[in-house]
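Report on the structure
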Amino acid sequence: MPEVNFRIRWPDGSEETCYSPSTAIRRHLSAGESYALHDFLDRSLAGLDLAARRVEAKYGFRCSSADAQAARITTRAAAFSPEETITCLSMT
């Protein structure tokens, strides 16, 4: 299953490389796009859930790395205000 690393910029200017075990994340985020916090959360968590379910369909178990990435994004996002934006810098 092809994996995707997507690099994001948080509202405080810090950057983070995130992991998806599937290209499913590409249906939800696009490189170069900025998203309001709630929209980014909805999109990234939906994409990571779809990716984890794809792994489950193929191997019989969810991808724990996708679930852990979703938890890290959720935790990090809690530090910011709803009106702030997150930018998806790249997808490789």
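Residues numbered from 1 in each chain as written. Predicted model: local features only at pLDDT ≥ 70, side-chain atom pairs only at ≥ 80, totals over all residues. Heavy atoms only, no water.

1. Some remarks on the nonpolar core
Burial of nonpolar side chains together is a common tendency in soluble globular proteins. Here is the rule: Buried Ala, Val, Leu, Ile, Met, Phe, Trp, Tyr and Cys residues form a nonpolar core when they are joined through side-chain atoms within 4.5 Å. Relative accessible area decides the class of each residue, using a 1.4 Å probe on protein chains only: under 20% of the type maximum gives buried, over 50% gives exposed, and in between gives partly exposed. Counting from the N terminus, the helices are DSSP H or I runs at least four residues long and the strands are E runs at least two residues long. Throughout, a residue-residue contact means that at least one pair of heavy atoms, one from each residue, lies within 4.5 Å.
Counting residues in hydrophobic clusters, the biggest one holds 23 residues, and the most contacted among them are Phe6, Trp10, Leu29, Phe40 and Ile73. Those elements that provide at least two residues to this core are strand E1 (4-9), helix H1 (37-59), helix H2 (64-77) and strand E4 (85-91). The element contributing the most residues to this core is H1, with six residues. The residues contacting Ile73, other than those within four sequence positions of it, are Phe6, Trp10, Cys18, Phe40, Leu41, Ser44 and Leu48.

2. Concerning the packing of aromatic side chains
Inclusion rule: Pairing of aromatic side chains requires ring centres within 6.5 Å, counting the rings of Phe and Tyr and the six-membered ring of Trp. Pairs whose planes differ by under 30 degrees are stacked, by over 60 edge-to-face, and all others tilted.
What the rule picks out here adds up to three aromatic pairs. A ring pair is formed by Trp10 and Phe40, whose centres lie 6.1 Å apart and whose planes are at 80°; its orientation type is edge-to-face. In this pair, Trp10 is assigned in the loop between E1 and strand E2 (15-20) and Phe40 in helix H1, connecting sequence segments 30 residues apart. No difference in accessibility class separates Trp10 from Phe40, as the two residues are buried. On the basis of an interplanar angle of 35° and a centroid distance of 6.4 Å, the ring pair of Tyr59 and Phe61 is categorised as tilted. Since its relative accessible area comes to 46%, Tyr59 is described here as partly exposed. An aromatic cluster is present here, built from Trp10, Phe40 and Phe80 joined pairwise through their rings.

3. Considerations on the sheet that holds E4
Spelled out, the test is: Only strands joined by at least two bridges in the DSSP assignment are considered to pair. Only the stretch in contact is used when a helix axis is fitted, and all axes are lines through C-alpha atoms; the angle between N-to-C directions ranges over 0 to 180 degrees.
One open sheet holds the four strands; their spatial order is E2-E1-E4-E3, and the pairing between them is antiparallel. Each edge of the sheet is formed by a strand with only one pairing partner; in this case those strands are E2 and strand E3 (34-36). On average, each strand axis in the sheet is inclined to that of its neighbour by 30°, with strand direction left out of account. Bridge count for E1 against E4 is four bridges, and the pairing is antiparallel. Each bridged residue has a counterpart across the sheet, and for Arg9 the counterpart in E4 is Thr87. Relative to E3, H1 is tilted by about 105°, and along the sheet it contacts E1, E2, E3 and E4. Each of E1 and E2 touches H2; the most contacted strand, E2, lies at about 150° to it.

4. A closer look at H1
This is how it is decided: The span you would expect from a helix comes to 1.5 Å times its residue count less one.
The end-to-end C-alpha separation of H1 is 32 Å, in line with the 33 Å expected for 23 residues at 1.5 Å each. Listing the buried residues of H1 in full gives Leu37, Phe40, Leu41, Ser44, Gly47, Leu48, Leu50, Ala51, Ala52 and Val55. If you follow the buried residues of H1, they end up packed against E1, E2, E3, H2 and E4. In the segment just after H1, Gly60 is the residue with positive phi, at about 90°.

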